[in-house]
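Below, each chain spelled out in residue letters.
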Amino acid sequence: MHESDVIEPRRVPLSHRDEAIAQRPQRQQTRWKPFAALLAAIVLTFLLFEYAPRLVVERHDSPVDVTSAPVPAQRAGANDRLPPYQQLQREQARAQAQEQLAQFVELELRLNNELNVSAWAAGSYDEARLLAQVGDEAFVAERFDAAIASYARAREALSVLIAQAQTRFDTALAASLTAIDARDQAAADAAIVRALTIKPQNTAALEAKRRAALIPEILAALRSARNHELQGEWHEALAIYQNILSLDPSTPGLVTFITNARRGSNEHKLQTQLSRGFEALDRKQFSESKTAFNRALAIDPGNAIALGGLRQTADQAELAHITRLRAEAENAEREERWQAASDAYQGILDLDANIQFARSGKQRATEQASTIATLAKISAESDRLSSDRRYSEAQRIIDRARLLDPRGPALTARIQEVARLLEIYAAPVPVLLRSDNATDIVLSSVGRLGRFAEKQIDLRPGAYTLIGSRDGCRDVRAQIKVRPQMDPVDIRCQERLTQ
């Protein structure tokens with residue numbers, strides 16, 4: 001049939017289409033057709049040899065096309081049946097025609113169910129159906145070669161429509177997405193209509209339609225977010241961008257907007273913490289300053305300004321601590337609380353061992369505290385000044401104490417007190433000792449005095465120990481304190497040891 005031929009539609013029975021459709025699910029069986037043909041050839045060979053005498057027919061000048069020969073109005077009788085080989089060819093042609101028809105029907109179902117062909121290519125679709133009807137007429141007339149050709153042309157026409165549909169759909173969908181990205185709602189809607197006309201239930205096209213409907217809302221949100229950014233309100237801008245992300249994650253540039261907003265928000269937070277840190281530093285609120293700078297570093301690790309702020313905080317905090325400790329030490333010195341002064345100076349040296357005023361202050365406080373403590377001990381144990389060695393040592397101590405500077409009231413009082421004691425203990429006192437002329441007497445700090453009935457000895461005031469011993473008697477020991485105009489001291493052994 002030429003393209004200029006006019007196809008007149010005629011109604012013919014299409015019952016064989018049901019057969020083709022019924023056989024369609026078993027299309028995979030067509031791969032066995034070569035084997036079936038081979039088997040048929042073997043059977044045919046056997047029949048030819050078996051019934052050859054009965055199948056001899058008159059030879060014609062030209063072969064007969066059994067697949068396209070006219071069929072009598074009435075079914076041929078048993079004597080008019082075709083030879084087996086020709087019958088086999090006819091059945092194969094019939095099966096091929098049904099296969100072509102089945103393929104046509106499958107494409108037709110797809111065009112109607114998936115591609116809504118009547119909405120965009122009704123004319124081309126009708127032409128393909130006319131070709132199929134011509135094939136039906138040939139099929140009914142058992143002109144199977146003609147049916148095969150018509151069905152094939154009809155199937156090819158539908159294949160072309162399907163390809164056109166896919167191309168048109170892809171083009172329309174791509175145009176809609178481009179328009180959405182450009183935030184051109186009118187262009188997007190027009191392209192989406194074209195796409196949905198071809199594939200009304202397509203998921204991608206329906207999603208594009210949803211996104212296109214959001215364009216006005218997203219445009220307004222983007223403008224609002226930008227206004228917040230211009231005012232430095234990064235937190236508010238970021239919240240809007242997050243809302244847009246929930247509406248349409250594919251919004252062009254949204255990831256960049258969110259990244260920039262987060263960067264701006266972090267920069268704003270960073271600057272806020274840095275400002276707080278330096279303001280607290282100016283107020284000498286070092287704990288708050290340190291906290292602010294550490295928060296800045298949490299936002300931007302390694303930030304040079306925050307690190308410098310921490311160093312300044314540490315330096316000023318240390319300087320303030322040293323100043324406070326120095327004031328405490330100097331106040332303690334004025335009040336002659338020398339141990340407290342020493343502790344304060346030591347606290348400064350713990351921060352920096354090279355601070356000279358703290359080193360000299362520590363030495364001064366230690367000397368003062370040690371001297372006052374030593375003088376107090378001398379006063380408390382004044383009776384031990386009876387020892388020449390201790391007396392001389394006390395004299396050296398008081399001489400050094402007189403050289404200390406400053407000499408406050410407490411030190412002066414201790415020096416005067418020990419000086420009076422030394423004056424008292426400097427002049428010997430006559431002491432009269434009495435015994436029984438049989439007890440051997442020893443005096444501490446002096447030595448053995450021997451036996452006597454009465455003896456006078458000059459002793460420096462203080463504490464002494466007298467020890468008496470005698471054969472056959474228990475030793476006696478007496479503690480005496482020598483004072484001016486003291487009474488005589490009696491010491492003798494009287495308690496006999498039992499045998």
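To keep things clear, this report deals only with the structure shown in the data block. (Residues numbered from 1 in each chain as written. Predicted model: local features only at pLDDT ≥ 70, side-chain atom pairs only at ≥ 80, totals over all residues. Heavy atoms only, no water.)

1. Details of the environment of Ala453
Thinking step 1. Examined against the element boundaries, Ala453 turns out to sit in the loop between strand 3 (447-450) and strand 4 (454-459).
Thinking step 2. Along the primary structure Ala453 and Arg434 are separated by 19 residues, whereas in three dimensions their C-alpha atoms are 5.5 Å apart.
Thinking step 3. Non-local contacts of Ala453, meaning those with residues more than four positions away in its chain, are made with Leu433, Arg434, Ser435 and Asn437. (Helix = DSSP H or I, 4+ residues; strand = E, 2+ residues; numbered from the N terminus. Contact = heavy atoms within 4.5 Å.)

2. As for the sheet that holds strand 7 (residues 489-490)
Thinking step 1. Reading across the sheet, the 3 strands line up as 4-1-7 and stay open at both edges, with mixed pairing between neighbours. A single partner strand is all that each edge strand has here, and the edge strands are strand 4 and strand 7.
Thinking step 2. Summarising the sheet, strand 1 (residues 429-434) and strand 4 pair through 6 bridges and their orientation is antiparallel. Of the residues in strand 4, the one forming a bridge with Pro430 is Asp458. (Pairing = 2+ DSSP bridges.)

3. A word on the sheet that holds strand 6 (residues 476-482)
Thinking step 1. The strand order across the open sheet built from 4 strands is 3-2-5-6, with neighbouring strands paired in antiparallel fashion. Strands at the two margins of the open sheet, each flanked by one partner only, are strand 3 and strand 6. Within this sheet the neighbouring strands show an average axis-to-axis angle of 25°, counted without direction.
Thinking step 2. Examined bridge by bridge, strand 2 (residues 440-443) and strand 3 share 3 bridges and lie antiparallel to one another. Residue pairing across strands places Leu443 opposite Gly447, the latter belonging to strand 3. (Axes fitted to C-alpha atoms, helices over the stretch in contact; angles between N-to-C directions.)

4. Details of the packing of helix 10 (residues 254-282) against helix 12 (residues 304-334)
Thinking step 1. Between helix 10 and helix 12, whose axes approach to 11 Å, the crossing angle comes to 15°. Here helix 10 is positioned roughly parallel relative to helix 12, judged by the angle of their axes. At the point where helix 10 passes helix 12, the crossing takes the left-handed sense. For the pair helix 10 and helix 12, contact is made by Leu274, Phe278 and Leu281 and by Ile305, Ala306, Gly309, Gln312, Thr313 and Gln316, respectively.
Thinking step 2. The class makeup of the residues in the contact of helix 10 with helix 12 is 5 nonpolar, 4 polar and no charged. (Parallel < 35°, antiparallel > 145°, perpendicular 65-115°, else oblique. Left-handed = near helix turned anticlockwise from the far one by under 90°. Nonpolar A, V, L, I, M, F, W, Y, C, P; charged D, E, K, R; others polar.)

5. Some remarks on the pattern of salt bridges
Thinking step 1. Applying the stated criterion to the full structure yields 21 salt bridges.
Thinking step 2. Ionic pairing is found between Glu142 and Arg90, a salt bridge with its closest N-O pair at 3.2 Å. Of this pair, Glu142 sits in the loop between helix 4 (122-140) and helix 5 (144-181) while Arg90 sits in helix 3 (residues 84-113), placing them 52 residues apart in sequence.
Thinking step 3. In this structure, the salt-bridge partner of Asp436 is Arg470, at a minimum N-O distance of 3.3 Å. With a gap of 34 residues between them, Asp436 in the loop between strand 1 and strand 2 and Arg470 in the loop between strand 5 (462-469) and strand 6 connect regions that are remote in the sequence.
Thinking step 4. Each of the salt bridges in this network shares a partner with another, and the network as a whole consists of Asp181, Arg211 and Asp248. (Salt bridge = Lys/Arg side-chain N within 4 Å of Asp/Glu carboxyl O.)

6. Looking at the pairing of strand 1
Thinking step 1. Only one face of strand 1 is covered, namely the face carrying Val429, Val431 and Leu433; the face carrying Pro430, Leu432 and Arg434 is uncovered.
Thinking step 2. Pairing of strand 1 with strand 7 involves 2 bridges; the strand directions are parallel. Residue pairing across strands places Leu433 opposite Val489, the latter belonging to strand 7. (Buried < 20%, exposed > 50% of the residue type's maximum accessible area, 1.4 Å probe, protein only.)

7. Brief notes about the nonpolar core
Thinking step 1. If you look at the biggest cluster of nonpolar residues, it comprises 40 residues, and the most contacted ones within it are Phe104, Leu111, Leu115, Val117, Trp120, Leu158 and Leu161.
Thinking step 2. Elements with a contribution of two residues or more to this core: helix 3, helix 4, helix 5, helix 6 (185-198) and helix 7 (203-213).
Thinking step 3. Among residues more than four places away in sequence, those in contact with Leu115 are Arg110, Trp120, Ile162, Ala165, Thr197, Ile198 and Lys199.
Thinking step 4. Counting residues in hydrophobic clusters, the runner-up holds 30 residues, among them Ala329, Ala365, Leu375 and Ile398. (Core = buried A, V, L, I, M, F, W, Y, C linked by side-chain atoms within 4.5 Å.)

8. Quick look at the packing of helix 8 (residues 215-230) against helix 9 (residues 234-247)
Thinking step 1. Packing of helix 8 against helix 9 brings their axes to within 8 Å, and their N-to-C directions diverge by 160°. In terms of their interaxial angle, helix 8 and helix 9 are classed as roughly antiparallel. Classified by chirality, the crossing of helix 9 by helix 8 is left-handed. Residues Glu217, Ile218, Ala221, Leu222, Ser224, Ala225, Arg226, His228 and Glu229 of helix 8 form the contact with helix 9, whose own contacting residues are Trp234, Glu236, Ala237, Ile240, Tyr241, Ile244 and Leu247.
Thinking step 2. A breakdown of the residues in the contact of helix 8 with helix 9 according to their chemical character gives 10 nonpolar, 2 polar and 4 charged.

Interpretation note: all reported values are geometric properties and have no functional meaning in isolation.
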